[in-house]
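# Commentary on secondary and tertiary structure
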Amino acid sequence: MRVFSGIQPTGAKHFGNYSGGFRQYAATQERGEAFFCVVDLHSITVDYDPAALREQTLDLAAMLFATGLDPGRSTVFVQSHVTAHAEAAWLLSAVASYGQLGRMTQFKDKGDGREFVSAGLFTYPVLMAGDILLYQADAVPIGDDQRQHLELARDIAERFNARFGETFREPTGIYPNVGARIMDLQEPTRKMSTTGGTPQGTLLLLDPPDVLRKKIRSAVTDSGSEVRRGDDKPGVTTLIDIMSVATGETPGAIEERYASGGYGPFKADVAEAVVELLAPVQARYAEVRSDAGELERLLAVGARKAR
Ligand code: AMP
Ligand code: TRP
């Protein structure tokens, strides 16, 4: 089985990325031949600083290894190092639907209210389709917010195959059972995100333990003191999901244990679970990131294999 996923180097990485992204990458690399791509070409579709982007590319590569990718097993590389990605985006744009691209919610969310909206922001999902289709990927581990883009990639493959003969494999999205969409701790009706969420409601993977504890302690909870999931309890549901992702326990087991204990002790334990999960990740990150030369070497090896 071929596995492919991509992740943008811009924006500090957060618990939502861990849940829908990093932890799924580490798990799926065990199941086949896996490629993981730092998609810097996607990040240039909105304002960016070139020098910062180069640093963020290494930051993200270090985080991919710190969260469990094994360079001996997975191919980890930078999108712009393999020029076929940009080429595929142009060629596939001829079989991508203009109307469908206009319906992408990420385009509408990121474009709305901006003074300048690049054409690249609009064609972004075509580049993503190229990423996936070039590798004949079967499985694409992603979070729920990428579902629409994955569907578009499948549609492009199908249209290309119908017109020119069987060429591309149609990829399947892999979504986590719990935590496919982690919500903001302050505004639990919005997804956790460094661009669309609140800073206090976003748990960064590199936040120091005390910052993580404070953000979780001040998470909004809902009326009633019962610890359970539900549409009427978006705040508590988010905390239960986070704990489930951090510990591997099922949400049901967590609900049972904390049902009547009140929010205080529950939040304290969620915070400890997150700190316990992230402390070793942060230590590995510091170690891996301190050797930029080795990171660059690994990425060069990855690009060669990907090519
Ligand atoms: P990005 O940082 O936008 O490139 O996203 C990297 C991965 O994280 C993608 O697979 C996203 O679907 C996933 N992701 C981003 N935000 C969340 C979230 N709040 N909950 C779950 N997964 C997410
Ligand atoms: N668009 C994805 C995101 O923002 C990143 C991405 C780019 C991607 N190319 C990909 C994800 C290919 C999976 C497969 O999260």
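Residues numbered from 1 in each chain as written. Chains lettered and ligands numbered in written order. Predicted model: local features only at pLDDT ≥ 70, side-chain atom pairs only at ≥ 80, totals over all residues. Heavy atoms only, no water.

## As for the overall build of the protein
The helix and strand inventory of the protein stands at 13 helices and five strands. Against the compact-globule benchmark of 19 Å for 307 residues, the protein has a radius of gyration of 20 Å, which places it among compact chains. Along the first, second and third principal axes, the C-alpha set of the protein runs to 60 × 45 × 40 Å. Residues counted as buried form 51% of the 307 residues belonging to the protein. Restricting the contact set of the protein to residue pairs at least 6 apart, pairs at least 24 apart contribute 73%. A total accessible area of about 14,100 Å² is found for the protein, and carbon and sulfur atoms account for 52% of it. Side chains of the protein carry 33 positive and 40 negative charges; the gap between the two charge centres is 2 Å. (Helix = DSSP H or I, 4+ residues; strand = E, 2+ residues; numbered from the N terminus. Rg over C-alpha atoms; globule rule 2.2 N^0.38 Å. Buried < 20%, exposed > 50% of the residue type's maximum accessible area, 1.4 Å probe, protein only. Contact = heavy atoms within 4.5 Å. Areas by Shrake-Rupley, 256 points an atom, 1.4 Å probe, with all protein chains shown as cover. Lys, Arg positive; Asp, Glu negative; His and termini not counted. Charge placed at Lys NZ, Arg CZ, Asp CG, Glu CD.)

## Digging into the site of ligand 1
In the neighbourhood of ligand 1, 17 residues make up the surrounding shell, with Gln8, Lys13, Gly143, Asp145 and Ile182 lying closest. The backbone of Ile182 places a nitrogen or oxygen atom 2.9 Å from a nitrogen atom of ligand 1. Here Met192 contributes a backbone N or O atom positioned 3.0 Å from a nitrogen atom of ligand 1. Considering ligand 1 on its own, with 490 Å² of exposed area, one finds that the protein chains cover 91% of that surface. Top element by residues in the shell around ligand 1 is helix 1 (residues 15-28). It accounts for four residues. Looking at the shell around ligand 1, its residues break down into six nonpolar, eight polar and three charged. (Near = heavy atom within 4 Å. Polar contact = N/O pair within 3.5 Å; in protein donor to acceptor, adjacent residues only side chain to side chain. Nonpolar A, V, L, I, M, F, W, Y, C, P; charged D, E, K, R; others polar.)

## Overview of the site of ligand 2
Not every one of the 13 residues close to ligand 2 is listed here, only the nearest: Gly6, Tyr124, Met128, Asp131 and Gln146. Within the side chain of Gln8, one N or O atom sits 3.4 Å away from an oxygen atom of ligand 2. In this structure, a nitrogen atom belonging to ligand 2 sits 2.7 Å away from a side-chain N or O atom of Asp131. A total of 370 Å² of accessible area belongs to ligand 2 in isolation, and the protein chains cover 91% of it. Counting residues per element, the ones that place at least two in the shell around ligand 2 are strand 1 (2-7) and helix 7 (119-134). The leading source of residues in the shell around ligand 2 is helix 7, at four residues. For the shell around ligand 2, the class distribution of residues is seven nonpolar, five polar and one charged.

## Quick word on empty space enclosed by the protein
A water-sized probe rolled over the atoms picks out the places where empty space is left. Under the counting rule described, the total for this entry stands at one cavity of 30 Å³ or more. When its volume is computed, the largest cavity comes out at roughly 40 Å³. In terms of lining, the largest cavity is formed by Met104, Gln106, Phe107, Lys110, Leu121, Tyr124, Pro125 and His149. Going through the elements one at a time, helix 6 (105-111) and helix 7 are the ones with two or more residues in the lining of the largest cavity. Class assignment for the residues of the lining of the largest cavity results in five nonpolar, two polar and one charged. (1 Å grid on protein atoms, 1.4 Å probe; cavity = no way out; pocket = protein on both sides within 12 Å on 5 of 7 lines; lining within 4 Å. Points joined across faces, edges and corners; volume = space filled by probe spheres on them.)

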